[in-house]
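Here is what each chain is made of, one letter per residue.
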Amino acid sequence: MGTVAGREINLLFTALSEELRLRGAAMYELCVIGGSALGLLGLVERPTRDVDVVALGESMQGTIRVRDAQVLPEVLVEAVAEVANQLGVDPHWLNNGPARLMDWGLPEGFESRLTSMSYGTTLRIHVASRFDQICFKTYAAADVAGRHLTDLISMSPTRGELSFAFAWAVQQDPSQGFRSQLGQLADYLEVRDVLDTIPG
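Residues numbered from 1 in each chain as written. Predicted model: local features only at pLDDT ≥ 70, side-chain atom pairs only at ≥ 80, totals over all residues. Heavy atoms only, no water.

Q: Could you give me a rundown of the packing of helix α4 (residues 130–143) against helix α5 (residues 146–154), with the residues and numbers involved?
A: Packed helix pairs are specified by the crossing angle of their axes together with the interaxial distance, meaning the distance between the axes. Packing of α4 against α5 leaves a shortest axis separation of 8 Å and a crossing angle of 145°. Here α4 runs over α5; the crossing is left-handed. Contacts from Ile 134, Lys 137, Thr 138, Ala 140 and Ala 141 of α4 reach α5 at His 148, Leu 149, Asp 151 and Leu 152. Among the residues forming the contact of α4 with α5, the class breakdown is five nonpolar, two polar and two charged. (Axes fitted to C-alpha atoms, helices over the stretch in contact; angles between N-to-C directions. Helix = DSSP H or I, 4+ residues; strand = E, 2+ residues; numbered from the N terminus. Left-handed = near helix turned anticlockwise from the far one by under 90°. Contact = heavy atoms within 4.5 Å. Nonpolar A, V, L, I, M, F, W, Y, C, P; charged D, E, K, R; others polar.)

Structure (structure tokens):
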């Protein structure tokens, strides 16, 4: 199938957990963002092309630490491929492309706002909060509007949340070209004055 809905995302994670168990894998923890994460939190209900992984997680004494996910463990990659084969989904249904966002830092406090969901004994999904999704969607919508802008508007961000999101997005890409794109987004959202208070 070309897209997955909320129920299918849970099915994918359940199947992935079982595949990891069959391979004798220990617990894997994934931090997810994007449409799938919004669906899991009940914030936006729409099909999505894939599950976006921004980081690997590590739970320690009630806290979660994030680790780079640009290279996924081989056993996880194999299990993902087997799930795709079994359920007839895109082989790349687990997308770690967003992991590059860690290069310049995730929004401050990201780990403390995660919502965790366990699937069996081998898979734990940490879902990015609404606040962090506003940051990610602001960054994405400034570059490519479409569904990112629709998702952003659906979350009804406050001026304060957009101020934080704009400041974080500028840290990700301080170029004048991107600043101009952010300006167009701010104009569309009628919060240009919020962006203008951010240095850069």
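Q: Lay out the pattern of salt bridges in plain terms, naming residues and giving numbers.
A: A side chain of one charge can pair with a side chain of the opposite charge when the charged atoms of the two come close. Summed over all chains, the structure comprises ten salt bridges. Between Lys 137 and Asp 151 there is a salt bridge; the shortest N-O distance is 3.0 Å. Placement of Lys 137 in helix α4 and of Asp 151 in helix α5 is noted, with a sequence separation of 14 residues between them. For the pair Lys 137 and Asp 151, one class covers both residues: buried. Of the charged contacts in the structure, one is a salt bridge between Asp 196 and Arg 192, with a shortest N-O distance of 3.3 Å. Of this pair, Asp 196 and Arg 192 both sit in helix α8 (residues 192–196), four residues apart, roughly one helical turn. Using a relative accessible area of 35% as the deciding quantity, one classes Arg 192 as partly exposed. (Salt bridge = Lys/Arg side-chain N within 4 Å of Asp/Glu carboxyl O. Buried < 20%, exposed > 50% of the residue type's maximum accessible area, 1.4 Å probe, protein only.)

Q: Before we move on, can you summarise the nonpolar core with the specific residues and values?
A: Core analysis: the biggest nonpolar cluster contains 35 residues, and Val 54, Phe 110, Phe 136, Phe 166, Leu 182 and Leu 185 have the highest contact counts within it. Here this core gets six residues from one element, more than from any other, and that element is helix α6 (residues 159–172). With near-sequence residues (within four places) excluded, Phe 110 lies in contact with Cys 31, Val 54, Val 66, Ala 128, Asp 132 and Phe 136. Ala 37, Val 89, Ala 99 and Tyr 119 belong to the second-largest nonpolar core, a separate cluster that totals 31 residues. (Core = buried A, V, L, I, M, F, W, Y, C linked by side-chain atoms within 4.5 Å.)

Q: Kindly report on the pairing of strand β2 (residues 51–60), identifying the contributing residues and their values.
A: Counting buried positions over the ten residues of β2 gives seven, a clear majority of the element. When strand β1 (residues 28–33) meets β2, the two strands line up antiparallel, connected through four bridges. Its bridge partner being in β2, Val 32 is matched across the sheet by Val 53. Where β2 and strand β4 (residues 94–95) come together, two bridges link them in parallel fashion. Looking across to β4, one finds that Val 51 is bridged to Leu 94. Two elements, β2 and strand β3 (residues 63–67), share five bridges in a ladder whose sense is antiparallel. If you follow Gly 57 over to β3, its bridge partner there is Val 66. Counting the residues in the hairpin turn of β2 and β3 gives two residues, including Gln 61, whose phi is positive at 50°. (Pairing = 2+ DSSP bridges.)

Q: Describe the packing of α4 against α6, and please don't skip the residues or the numbers.
A: Contact pair α4 / α6: the axes reach a minimum separation of 8 Å and the direction vectors enclose 50°. Judged by the angle between their axes, α4 and α6 are oblique. Crossing of α4 over α6 shows right-handed handedness. From α4, Arg 130, Phe 131, Ile 134, Cys 135, Phe 136, Thr 138 and Tyr 139 reach across to α6, where they touch Glu 161, Leu 162, Phe 164, Ala 165, Phe 166, Trp 168, Ala 169 and Gln 172. Here the residues of the contact of α4 with α6 sort into eleven nonpolar, two polar and two charged. (Parallel < 35°, antiparallel > 145°, perpendicular 65-115°, else oblique.)

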